[in-house]
Amino acid sequence: ELRQRALGILARDEDEWAQQTLIAGLQGAQAWLPPEKALQLLSSSIHANVYPVARELAMKSKKHGVRAEAIRALASDAGSKDFLRAILADKNEAASIRQVAATALQAAAPDELQAEARKIVLDTDEHDELKATCFVALANFGPAADGATSDEPLKQEAKRLVRKQRGASKEGATQYLTTVERRGK
């Protein structure tokens, strides 16, 4: 606890020793903190050079929490947009990891998320929670948010889900349709 607090203070102050110590722990040296916490602390500084390590952990770690934190750390790296888009598009990934990738892609490359979100929403074999996340992204950050959508296939899929579906995708579709109607179609 004390070690975590001290490293947290140093990392937030962009202390080079603290950053190097945390990165070394992520790369296999003696870890002073759990990897999830180290990634959280390092991701608050663009000067920490955490992106290569985060990308590696996102690809290779077997721990869900480590992968999720590594993907979150990449949200501020525009150079990771293709990597994040690939995770989001990979149906073999856990839906929760894909949701984290969607959130990170929204920060790193919003236009890229819009294209992927549309594909996911229109895919009838996609995971319910992921569809909901994508509908919300389309409603709040896409053309619908600006009142400039005439995407009939998307509207039709949203209406279909509202009529037939239960759960998260229905809620996301409802939010999308409400936004489209409120903003003027």
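Look a little higher up for the structure.
Draft legend 1. Broad picture of the packing of aromatic side chains. Applying the stated criterion to the full structure yields two aromatic pairs. Ring geometry for Trp-17 and Trp-32: centres 5.4 Å apart, planes at 80 degrees, overall edge-to-face. Of the two residues, Trp-17 is situated in helix α2 (residues 16–26) and Trp-32 in the loop between α2 and α3 (35–43); the sequence distance between them amounts to 15 residues. Judged by its relative accessible area of 33%, Trp-32 is partly exposed. Considering the side-chain rings of Phe-135 and Tyr-176, the 5.7 Å spacing of their centres and the 45 degrees angle between planes classify their relative orientation as tilted. Here Tyr-176 lies in helix α11 (residues 168–183) and Phe-135 lies in helix α9 (residues 128–141), a separation of 41 residues in the sequence. The class for Phe-135 is buried, based on a relative accessible area of 0%. When the ring centre of Trp-32 is taken as reference, the NZ or CZ atom of Arg-3 above it lies at 5.3 Å.

Draft legend 2. Summary view of the side chain of Glu-157. Mapped onto the fold, Glu-157 is located in helix α10 (residues 152–164). Setting aside anything within four residues of it in sequence, one finds Glu-157 in contact with Val-121, Leu-122 and Lys-131.

Draft legend 3. Local environment of the pattern of salt bridges. Per the stated rule, a full pass over the model turns up 13 salt bridges. The partner of Lys-81 in a salt bridge is Glu-112, with the nearest N and O atoms 3.7 Å apart. Residue Lys-81 is located in helix α6 (residues 81–89), and its partner Glu-112 is located in helix α8 (residues 110–122); the two are separated by 31 residues in the primary sequence. Under the relative-accessibility criterion, Glu-112 is labelled partly exposed at 21%. Linking Lys-155 and Glu-152 is a salt bridge whose minimum nitrogen-to-oxygen distance equals 3.4 Å. A residue pair is termed a helical-turn pair when its members lie 3 or 4 positions apart in one helix, as Lys-155 and Glu-152 do in helix α10 at three residues. When salt bridges that share partners are traced, they join Lys-81, Asp-82, Arg-85 and Glu-112 into one network.

Draft legend 4. Seen up close, the packing of α10 against α11. With their axes 8 Å apart at the nearest point, α10 and α11 run at an angle of 130 degrees to one another. When the axes of α10 and α11 are compared, the pair comes out oblique. Relative to α11, α10 is oriented so that their crossing is left-handed. Note on element contacts: α11 touches α10 through Ser-169, Lys-170, Ala-173, Thr-174, Tyr-176, Leu-177 and Val-180, opposite Leu-154, Lys-155, Ala-158, Lys-159, Leu-161 and Val-162. Residues of the contact of α10 with α11, tallied by class, amount to eight nonpolar, two polar and three charged.

Draft legend 5. Representation of the nonpolar core in the model. The biggest cluster of nonpolar side chains holds 54 residues, and the ones touching the most others in it are Leu-22, Leu-39, Ile-71, Leu-88, Phe-135 and Tyr-176. Top contributing element to this core by residue count: helix α7 (residues 95–108), with seven residues. The contacts of Leu-22, once residues within four sequence positions are left out, are Leu-7, Ala-11, Leu-33, Ala-38, Leu-41 and Leu-42.

Conventions adopted
- Residues numbered from 1 in each chain as written.
- Predicted model: local features only at pLDDT ≥ 70, side-chain atom pairs only at ≥ 80, totals over all residues.
- Heavy atoms only, no water.
- Phe/Tyr/Trp six-rings, centres within 6.5 Å; stacked < 30°, edge-to-face > 60°.
- Helix = DSSP H or I, 4+ residues; strand = E, 2+ residues; numbered from the N terminus.
- Buried < 20%, exposed > 50% of the residue type's maximum accessible area, 1.4 Å probe, protein only.
- Lys NZ or Arg CZ within 6 Å of the ring centre and 35° of its normal.
- Contact = heavy atoms within 4.5 Å.
- Salt bridge = Lys/Arg side-chain N within 4 Å of Asp/Glu carboxyl O.
- Axes fitted to C-alpha atoms, helices over the stretch in contact; angles between N-to-C directions.
- Parallel < 35°, antiparallel > 145°, perpendicular 65-115°, else oblique.
- Left-handed = near helix turned anticlockwise from the far one by under 90°.
- Nonpolar A, V, L, I, M, F, W, Y, C, P; charged D, E, K, R; others polar.
- Core = buried A, V, L, I, M, F, W, Y, C linked by side-chain atoms within 4.5 Å.

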